Amino acid sequence: MTEETSQSKVVAQKSVGEYFAAHLREYGLLLALIAIMAFFQITTGGVMLKSLNITNLFLQNSYIIIMALGMLVVIVAGHIDLSVGSVMGFVGALAAILMVNHDWPMWAVIPVCLMVGTAIGAAQGYWVAYWSIPPFIVTLAGMLVFRGLSLWLLEGQSVGPFPKEFQLLSTGFIPDFMPQGVSTTLADLFGARRFNTGALSIGVIASGFIVYFGMKKRARNKAYGIEDEPRAFFIGRNIIVIGGVLFICFKLSTFRGLPNVLVTMAVLTIIYAFLTQSTVIGRRMYAVGGNEKAAKLSGIKTKRMTFLAFANMGMLAALAGLIFAARLNTATPKAGFAVELDVIAAVFIGGASMSGGVGKVIGAVVGAFIMGVMNNGMSIMGIGIDYQQVIKGLVLLAAVIFDVYNKNKQG
Amino acid sequence: MTTLLEMRGITKTFPGVKALDNVDLRVEQGEIHAIVGENGAGKSTLMKVLSGVYPAGTYDGEIIYEGQTAAFNDISDSEKHGIIIIHQELALVPLLSVAENLFLGNEVATRGVINWPKMYQMTDELLTKVGLNEAASTTIGSMGVGKQQLVEIAKALAKDVKLLILDEPTAALQENDSQKLLDLLLELKAQGITSILISHKLNEISQVADRITVIRDGATVSTLDCRAEKISEAHIIRDMVGRDMSHRYPARESNIGKPLLEIKNWNVWHPEHKDRQLIRDVNFTVNEGEIIGIAGLMGSGRTELAMSIFGKSYGRNITGEALLKGQPVDLSSVDKAIAAGLAYCTEDRKELGLILEETIVRNITLANLAGVSKGGVINAAEEQKVAEKYRKAMNIRTPSVHQNVVNLSGGNQQKVVLSKWLYANPQVLILDEPTRGIDVGAKFEIYEIMNELASEGRGVVMISSEMPELLGMCDRIYVMNEGELVAELSASEASQERIMSFIVTE
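Everything numeric in this text was worked out from a predicted model, so none of it was measured. (Residues numbered from 1 in each chain as written. Chains lettered and ligands numbered in written order. Predicted model: local features only at pLDDT ≥ 70, side-chain atom pairs only at ≥ 80, totals over all residues. Heavy atoms only, no water.)

Trainee: Which residues make up helix α14 (residues 410-423) of chain B, and what are the values?
Mentor: All names here are of chain B. With 14 residues, α14 should cover 20 Å at 1.5 Å per step; its first-to-last C-alpha distance of 20 Å lies within 8% of that length. Most of α14 sits out of view: 14 of its 14 residues are buried. Looking one or two residues beyond α14, the residue adopting positive phi is N425, at roughly 55°. (Helix = DSSP H or I, 4+ residues; strand = E, 2+ residues; numbered from the N terminus. Expected span 1.5 Å × (residues − 1). Buried < 20%, exposed > 50% of the residue type's maximum accessible area, 1.4 Å probe, protein only.)

Trainee: Provide a residue-level description of the side chain of N287 of chain B, including the pertinent values.
Mentor: Locating N287 of chain B in the fold gives a position in strand β14 (residues 277-287). On the basis of relative accessible area, N287 of chain B is assigned to the buried category, the value being 13%.

Trainee: Talk me through the nonpolar core; I want residue IDs and the actual numbers.
Mentor: Ranked by size, the top nonpolar core spans 108 residues in total, and within it Y63, M67, M71, V347 and I370 of chain A carry the most contacts. Considering every element that reaches this core, the biggest residue donor is helix α4 (residues 51-76) of chain A, with 17 residues. L354, L431, A442 and I499 of chain B belong to the second largest nonpolar core, which has 86 residues in total. (Core = buried A, V, L, I, M, F, W, Y, C linked by side-chain atoms within 4.5 Å.)

Trainee: I'd like to hear about the packing of aromatic side chains, residue by residue, with values.
Mentor: Residue and element names in this part refer to chain A. A complete count under the given rule lists 21 aromatic pairs over all chains for this structure. Pairing Y126 with Y130 gives two aromatic rings, centres 5.8 Å apart and planes at 40°, and the pair type is tilted. Taken as a pair, Y126 and Y130 lie in helix α6 (residues 106-131) at a separation of four residues, close to a single helical turn. With relative accessibility at 37%, the residue Y126 sits in the partly exposed group. Taken together, Y126, W127, Y130, W131 and F307 form an aromatic cluster joined through their ring pairs. The ring of F255 has R194 sitting right over it, with the charged end atom 5.8 Å from the ring centre. In this arrangement the basic side chain of K334 is found over the ring face of F337, its NZ or CZ atom lying 4.8 Å from the centre. (Phe/Tyr/Trp six-rings, centres within 6.5 Å; stacked < 30°, edge-to-face > 60°. Lys NZ or Arg CZ within 6 Å of the ring centre and 35° of its normal.)

Trainee: Can you tell me about the pattern of salt bridges, naming the residues and giving the values?
Mentor: Summed over all chains, the structure comprises 28 salt bridges over all chains. The salt bridge involving K392 of chain A is made with D342 of chain A; its shortest N-O contact spans 4.0 Å. Highlighted residues: K392 of chain A in helix α18 (residues 385-410) and D342 of chain A in helix α16 (residues 339-349), separated in sequence by 50 residues. Taking the relative accessible area as the measure of exposure, K392 of chain A reaches 12% and is therefore buried. Put simply, R227 of chain B and E28 of chain B hold a salt bridge, and the shortest N to O gap is 3.6 Å. You can see R227 of chain B sitting in the loop between β12 (219-225) and α8 (233-241) and its partner E28 of chain B sitting in strand β2 (residues 17-28), a full 199 residues away along the chain. Since its relative accessible area comes to 10%, E28 of chain B is described here as buried. Within the structure, one salt-bridge network assembled from shared partners comprises R26, E28, D225 and R227 of chain B. (Salt bridge = Lys/Arg side-chain N within 4 Å of Asp/Glu carboxyl O.)

Following this line, the structure appears as structure tokens:
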């Protein structure tokens, strides 16, 4: 009993500074995103955080973020997938051929495309998992094969435009479900041309949930004596996150409201965060990446886990392909070219480890946003594509060096 | 006798921990000096300070070497002065030849072009010195661990060693290989080479050591001179653990019940070499409440037998029958074996037993996630409770169960592995070398856990290379020799000599 009390004291006495040092990576990532946004807000003369630009940011990066979710799982399982850009382009091309050339209805095309993507991922996963062929080789082959197949499918041409309802997948907005009167009043109040009260209320509800679940988890941790972040951090982090959510929702509501892709993205992020952190299958994925042999001897079907990680990646790449095609309103043979590199970079910026077993969904999403904000900000500033590539490369390197340095310092 | 090395008042702190607190060590020229202590006592830290892994300035105290104050900045610095450390995990490149390994980073070359004839000739000379009869072109990977250990020593000799430090050199070795190594140490001593030997095996230490320094909790407890009088093992153990350990094996009332696991006519072939049979017609039984031992040399097939039973994790064309409580049982995959009530603690904890970069909690629940989840969703609070329960029950020494396993000492890591399997609630536990590389105190705790398991009516299979441990713990001992069980001895009829006689007969 005495031992227990002395231990809880140790936890309590741990200073705020020490806690911050130990969790530098997680908070640092969030702070880095804010700092980068603030930097561009100044250098672009306030364009960065305009309603239109925020909307664009989500539209531009949605497909990267969706694939980063799958890539995180693949990397956590100790593998890599180089084919996602090509698969994304191939599925977009397939959708265009089916919808534009063969007049298939959208409700049939979407599930078919998702299944094709899953099958492609599963095929690659099969070789990796059951034949132990290095994923680098298998997916490098896949990258070439599907790049070629989309060229063949499109016969080198761009195919479009898509039916209106398919475009909405990417460019649509959640309609205002609140009474019209409220919105006009608020529009007058904020001096905006229009106001989407629905978007703002979704933001408020989401904030409520974030606080509610945060408090609930804290209470539970306390009850079980699990070490938790200091109160100051909890409050500070929540103020930043909720402030961000409300600010973005407010900005969006003065434009056209919440984009459909933002909702898709948010829902998928929540699902994957839950799957990786709180479910048996997620835990097993981490175990496979952390030590495959030990996982196997603990009764985990390691090959099946690898197979599932790739199949899931294929499905998300297909979804990204549909969203990307819908946004451009055309399928081109170049769609998704070199996108795999952005996706992989986002996951590593987000703190995942090359050797597997380490990484978080939230990290990958924030990592993707860091890349996206930099792309967007530098383009607005008129920085050439040449410098942009150099800067992005250096940021990726710096993030990973920071990780390694941090780890060495602790160990 | 002149003093070769003196370490005075060495204090080394890590954030929050004082790993070494005012440690003194004096090593005389030409002696074999043993350092003993429990795991985590600070032996390895002390050697890292000495060899410059922790450079001068990062610790307090002084090192006087060959009469001069030494301040080493890194390993190559200390190596230049003839201090060479051989770690428990060997640092050889498996795909390169003996010669290439011996001169790695130190190649016999003029302007970057290697002089192969000379290098081979020098290799042969060095190999003769360590008594290893191998060609200089043999690849390291094709040699046994015992021979590799000798290559490491030859490598040290190539570097003009004055002070040789060996960290648990015999932990992975067979009895006869260990003996060879100890003989070599004595021979090197005759040639004037001073050695520091870190070991848990007290019988080996009393065989070769001139003096023994005992370290406990980061401080020097005593330095014992074995030349003046014979130091008893009990004396050393008392100094190490700070208490008298009259019994090295906890007492147990055997209460043996009905047959629990029966293996009949078990045959296993090598996974790659199709015509090599590893296990031949093996039959054995574990009863309820019984601890059985499997003795034998490394490579005699003990681990292969255990792994082939545990979900066909090793080998091919596995045939034979397995009965659990008299009923045939399907053990064709690991999850089925676990579900049937089997557990297997691997010999190699780090490679096969643990996920090092994960927390204690997550390692403990890994084999039984169903126990802490509902509908595939893990209950983190329940998981925490389970981990805390095992931390208390197994006495895992850690500030928090959210600590990564990599930060624990060997004994505590082994307790995490055991916790994992106990949480899977097995009826039969197979423990493969459960006390390897673990200090005396933790060993005792693990023995107690085994006894408790047996008293609950479970069956325990203990595979061990340490015969005293098998004799001290087991109700029955099987002896394995080249893939066959050649003898079955009851506790009363078994002795080290008898077991050995079955091991050495063909």
